[in-house]
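Take a look at the letters that make up each chain.
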Amino acid sequence: MSSLPRRKTSDVQDLLVSETQARLTRTFDDLATKWLQSKSPELAEELVSTAVISDRLGEAVVIEAATSITEDEHQPKSLKRYAQKIVEGISSRGNKPLPEDEAGIRASIARRKRLLRFNPRDALRAAETALLYANIGQLASSENLLMRALKLAPHDRYVLRAAARLYTHLGEPDRALHFLKKSGRTNFDPWLKAAELAVAGELGESPQGWKLAKRIADNSQFSFVDRSELASELGTLELLDGSRKKAMKLFQTATESMNENSFAQIEWAGRYTKAFEPEGLLKNISISHEAVANAASWHSDWDVSLKACEEWSKIEPFSAKPAILASFVASISADGGESERKNRLFRGIAAAEKGLLANPDSFTIHNNMSVLMSYSGETEAALRSIAEMQRLSSSPEDKVLIDAACGLAEFRSNQVDQGIESYARAIERAIDAKQPVNALRAFSFLGREVSRVSGASAEFFVAEIDQITEEFKRRSVSVPRDVTLLRNEIQKCVESDNGEASLDLSRLNMIQKLNDDE
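In this report, we go over the structure that sits alongside the text. Everything numeric in this text was worked out from a predicted model, so none of it was measured.

### Remarks on helix H11 (residues 210-218)
No. 1: Listed in full, the buried residues belonging to H11 are Ala213, Ile216 and Ala217. The buried residues of H11 occupy an angular sector of 100 degrees when the element is viewed end-on, so they sit on one face. Along H11, exposed side chains directed more than 90 degrees from the buried face belong to Lys211, Arg215 and Asp218.
No. 2: Next to the buried residues of H11 lie helix H10 (190-203), helix H12 (224-240) and helix H13 (244-255).

Structure follows, in structure tokens:
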């Protein structure tokens with residue numbers, strides 16, 4: 001009996017690709033027809049996301065749908081910004097229309113939503129999609145899907161931990177704790193018990209069920225992987241309660257098979273309490289992208305730090321911290337050639353953009369973005385970030401940073417006198433607000449800008465920074481490391497002295513101002 005000829009693997013792959021593309025085409029065409037008939041806001045979002053997957057962003061119906069989103073006052077701000085990028089990107093020749101991360105997340109959401117239509121009771125997929133929505137700042141959509149997942153699977157570990165993450169990110173840890181306590185599974189699942197203790201800590205509540213949590217952490221029927229987070233949480237509580245010996249035993253259990261969360265918990269506990277050196281327990285910091293990012297930044301290994309921040313943000317996409325560190329590193333690093341510095345700026349901007357997806361109201365990320373945009377010569381974009389800072393401003397320290405950001409944008413627009421005035425205002429605000437460290441920071445950043453246009457003025461800044469540093473030592477005030485880096489960069493301008501005339505910097509006598517304030 002003769003057998004049928006077998007297809008080559010490449011033929012099968014080509015067939016699968018062809019079938020997938022055909023399905024995408026049918027889905028896109030169906031959505032386009034339905035949207036044109038209804039002009040539904042929900043279908044507009046789905047059509048645009050499907051256009052990303054099927055590479056049809058340039059079609060007129062997609063631009064029309066994206067435009068309708070930008071004009072709809074009821075749509076989330078993050079979605080409107082995304083739609084605006086599509087409209088602007090397509091209409092501007094050579095412009096990349098979308099940030100890669102955001103496009104990828106929205107494409108993933110579109111795929112999952114189609115699968116949810118086939119199986120609307122898939123709680124895990126609903127929770128996954130909810131977290132993806134949170135990653136791009138569409139919090140109402142995120143919460144709706146998460147509530148569906150919680151109704152379908154109120155005791156599922158993944159769903160409950162997703163709820164804990166989301167509601168903590170939303171600043172509602174009390175709701176996270178409600179769902180964790182409501183589930184009976186939390187009392188025998190080490191992962192959920194660890195989440196309960198962490199959320200209670202966010203609320204500042206005393207932990208409940210401590211004895212039960214200890215029994216779970218000591219139960220060898222659970223693997224070290226399962227117990228790691230719970231042991232690190234309990235160890236921190238023991239340490240804060242004064243029981244160092246018990247804490248170290250729990251931390252030792254946690255280190256047997258760690259994940260990023262337990263590593264970060266132990267590192268924080270040692271640094272915060274100063275009861276032990278974290279390095280003694282955490283010998284392999286490569287297990288934690290956060291630890292690598294911070295350590296590399298401290299040692300001025302800028303590219304290593306940026307890479308670790310990028311990996312860290314994949315694990316903690318809600319967190320503003322990797323975006324803040326990456327954008328800061330990109331702004332402060334001055335080593336290497338021009339192409340290396342430009343590459344860091346590009347990566348810092350990408351990190352800030354990603355951070356703002358989930359944290360659109362982060363004052364610090366907007367501040368760092370304004371700095372990076374000024375350094376990149378995109379002063380209009382810098383001013384847009386400054387406008388966001390002004391909208392979010394709530395403290396005297398915020399006003400200092402806004403004035404400094406304005407000063408930098410003015411310098412990079414060749415408005416030197418205005419830039420000096422803005423920085424001087426920032427310094428005076430900081431001194432008036434009893435913030436000498438921020439005053440010194442603003443002064444040092446001003447020094448870098450002045451030295452770029454007037455090398456002859458660099459010596460004034462180096463001498464002043466050195467004198468202020470000595471004054472800070474006398475007052476037992478720590479000098480920020482970025483000030484030291486800036487001082488050394490300004491010193492290079494002194495050594496190369498380009499011979500240009502010095503500027504009038506008489507009103508910037510920091511020592512006199514600090515002494516007057518004292």
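Let's pick the thread back up.
### Quick word on the packing of aromatic side chains
No. 1: Counted according to the given criterion, the structure contains 7 aromatic pairs.
No. 2: Here Phe443 and Phe460 contribute two aromatic rings whose centre-to-centre distance is 6.3 Å and whose plane-to-plane angle is 65 degrees, an arrangement assigned as edge-to-face. Taken as a pair, Phe443 in helix H24 (residues 436-453) and Phe460 in helix H25 (residues 458-474) lie far apart in primary sequence, 17 residues in all.
No. 3: Residue class for Phe443 comes out buried when judged on its relative accessible area of 0%.
No. 4: Ring-pair connections join several aromatic residues into one group, and the members of that group are Phe443, Phe460 and Phe461.
No. 5: Between Arg165 and the ring centre of Phe318, over which it is positioned, the NZ or CZ distance is 5.0 Å.
No. 6: Of note, Arg481 hangs over the ring of Trp298, and the distance from its end group to the ring centre comes to 5.1 Å.

### What about the nonpolar core?
No. 1: One finds Tyr423, Ile427 and Leu446 to be the most contacted residues of the largest nonpolar core, which totals 53 residues.
No. 2: Here the element with the most residues in this core is H24; it accounts for 7 residues.
No. 3: Core analysis: the next-biggest nonpolar cluster, separate from the first, contains 33 residues, Leu116, Ala126, Leu160 and Leu192 among them.

### Observations regarding a nonpolar patch on the surface
No. 1: A contiguous nonpolar patch, built from Leu240, Trp268 and Tyr272 and spanning about 340 Å² of accessible area, is present on the exposed surface.
No. 2: Relative accessible area serves as the criterion here: at 55%, Tyr272 is assigned to the exposed category.

Conventions adopted
Numbers given to residues run from 1 along each chain, matching the order in which its sequence is written. Per-residue local features are limited, in this predicted model, to residues with pLDDT of at least 70; the limit for side-chain atom pairs, both in listing and counting, is 80 or more; totals at the level of whole chains, interfaces and linings are taken over all residues. Excluded from the side-chain calculation are hydrogens and water; included are all heavy atoms of the structure. Think of it in three bands: residues with accessible area under 20% of the maximum for their type are buried, residues over 50% are exposed, and the middle band is partly exposed, with areas taken using a 1.4 Å probe on protein chains only. Helical segments are the DSSP runs of H or I of at least four residues, strand segments are the runs of E of at least two, and each set is numbered from the N terminus. By construction, the arc corresponds to the directions joining the helix axis to the C-beta atoms. It only takes one pair of heavy atoms within 4.5 Å for two residues to be counted as in contact. Stacked, tilted and edge-to-face pairs are distinguished by plane angle, under 30 degrees for stacked and over 60 for edge-to-face with tilted covering the rest, among Phe, Tyr and Trp rings (Trp via its six-membered ring) whose centres lie within 6.5 Å. Only when the NZ atom of a Lys or the CZ atom of an Arg is both within 6 Å of the ring centre and within 35 degrees of the ring normal do we say a charge sits over the ring. By nonpolar core is meant a set of buried Ala, Val, Leu, Ile, Met, Phe, Trp, Tyr and Cys residues that side-chain atoms within 4.5 Å join together. Without a salt bridge and with relative accessible area above 30%, a residue can belong to a patch; like charges are then joined within 9 Å and nonpolar side chains (Val, Leu, Ile, Met, Phe, Trp, Tyr) within 5 Å. We get accessible surface area from the Shrake-Rupley algorithm with a probe of 1.4 Å; when it comes to residues, only the shown protein chains can shield them. Criterion for a salt bridge: a side-chain nitrogen of Lys or Arg within 4 Å of a carboxyl oxygen of Asp or Glu.

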